[in-house]
Amino acid sequence: MTRGAYHTNDYTNRFLALGIDQQAIDDKIIDTWERLFKGKDPALQIYFETADDMGYVVDTGNNDVRTEGQSYGMMMAVQMGDQDVFDRIWKWTKTHMYMEEGLHQGYFAWSCQLDGTKNAYGPAPDGEEYFAMSLFFASHRFGDREAPFNYSDWAREILSRCLRKGKDNAGHTMWDLNNYLIKFVPEVDFSDPSYHLPHFYELFGDWANEEDRPFWKEAAKRSRDYIALAAHPVTGLSPEYAFYDGTPNHIRGFGDFFSDSYRVCTNIALDYEWFGDETTPLDVIDRLHQFFKDKPVADYRRYKIDGTPFDEPALHPVGLFATLAAGGLASETTVANDYVKAFFDMPLRQGDRRYYDNCLYFFSLLALAGRFTIYSN
């Protein structure tokens, strides 16, 4: 039987299935969007506009603008059908983050100050892949216009750069061309399990430049395998950095389950919702749910992937809970249902660290409502 919304155009609304009123679901999505992006609640706002038809998403914990946040903001805007916000974020990104010269010419600087000054001249591949996907969706939902709003051209250009920089500047591709796995940054030979988005790569395999499409289809398969490989066989916990064989890479202390790692659960669930592939490692979600089911949010920690806790609390506990709830998109166990119902009543995160938590929160909200959708041409 064919599964997945890509084939059926049928999206799962887990909230509704668990008895939550549709109007309440719709109201919560609008309210959350307006609090984060429309100034309805200044204490929660993460998106700000400038006088030159541009806008940016602030990492409030670090007081900078990152390709992660800009690309997340673009994805949120296209899912909400807000072309003005989408265009403002993309224009700011293209104006201030795009690198016109140097080693990483054609990529986007991963961090800028709020005035657009670059903090670094290196890229982060998770930003590039979200830029490309949101631009394709914008092309299909809004239609291409004059540059830089020729969305699909830019999406294909970004993906081509990701695979072809190595041919011009040896070794600086964003994917390893031999094993098809995304790198943490272009100059290293290890990955970040949370960067792996097989559901994006399947679509890149339909819409990228024709010569690159076989690569992306294979990358989707390899990433599903890698996600399973990197997750602990008992706890389901994934490290932030991992070698290509899936083992934790403890360089700079990033071989544990911490902030980046949270996204893996959502990525698995959304991949299965979109494509229903039988190789999607759904058992990782069940292991994560079992590991965390008796742990209060206030007690979330940094963990070794075998589950050994550190004395260090989780930096983004609301974000972690939101991603566990998103796992309920692909699981209907009692534990998964409990996560979904509790998440619907959970408030957004307050304070300086709110940016990352609330981005994960909004993506989970959209996914569980059946509103994180594919826009096809």
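Residues numbered from 1 in each chain as written. Predicted model: local features only at pLDDT ≥ 70, side-chain atom pairs only at ≥ 80, totals over all residues. Heavy atoms only, no water.

Trainee: Mind showing me how you'd approach the layout of surface pockets here?
Mentor: Over the atoms rolls a probe the size of a water molecule, and in doing so it shows where empty space is left. Here the largest pocket defines a volume of roughly 730 Å³. Lining the largest pocket are 32 residues, and of these Arg66, Glu68, Trp110, Phe254 and Asp260 lie nearest its centre. Among the elements of the structure, helix H4 (67-80) and helix H14 (354-368) are those that each provide at least two residues to the lining of the largest pocket. Taken together, the residues of the lining of the largest pocket sort by class into 13 nonpolar, seven polar and 12 charged. Considered as a void within the structure, the second largest pocket measures approximately 260 Å³ in volume. (1 Å grid on protein atoms, 1.4 Å probe; cavity = no way out; pocket = protein on both sides within 12 Å on 5 of 7 lines; lining within 4 Å. Points joined across faces, edges and corners; volume = space filled by probe spheres on them. Helix = DSSP H or I, 4+ residues; strand = E, 2+ residues; numbered from the N terminus. Nonpolar A, V, L, I, M, F, W, Y, C, P; charged D, E, K, R; others polar.)

Trainee: Looking at this structure, how should I read the sheet that holds strand E2 (residues 55-59)?
Mentor: Each strand in a sheet pairs with another by means of backbone hydrogen bonds, the pair being arranged parallel or else antiparallel. Read from one edge to the other, the open sheet built from four strands follows the order E1-E2-E3-E4, with strand pairing classed as antiparallel. Each end of this open sheet is capped by a strand with a single partner; those strands are strand E1 (47-49) and strand E4 (111-112). Note that E1 and E2 share three bridges and pair antiparallel. The residue bridging Phe48 from the neighbouring strand is Tyr56, located in E2. (Pairing = 2+ DSSP bridges.)

Trainee: What is the right way to read the pattern of salt bridges from this model?
Mentor: Pairing is possible between side chains that carry opposite charge, provided their charged atoms lie close to one another. Under the defined criterion, the tally for this structure stands at 30 salt bridges. As a salt-bridge pair, Arg88 and Asp53 come within 3.8 Å of each other at their nearest N and O atoms. On the criterion of sequence distance, the pair formed by Arg88 in helix H5 (residues 83-96) and Asp53 in the loop between E1 and E2 is long-range, its members being 35 residues apart. Looking at Asp53, the relative accessible area reads 48%, which means it is partly exposed. A salt bridge links Asp256 to Arg302; the nearest nitrogen and oxygen atoms lie 3.6 Å apart. Here Arg302 lies in strand E5 (residues 301-303) and Asp256 lies in the loop between helix H9 (213-230) and helix H10 (263-275), a separation of 46 residues in the sequence. Note on accessibility: Asp256 and Arg302 belong to one class, buried. In this structure, a network of salt bridges that share partners links the residues Glu202, Asp206, Lys217, Arg224, Asp271 and Asp277. (Salt bridge = Lys/Arg side-chain N within 4 Å of Asp/Glu carboxyl O. Buried < 20%, exposed > 50% of the residue type's maximum accessible area, 1.4 Å probe, protein only.)

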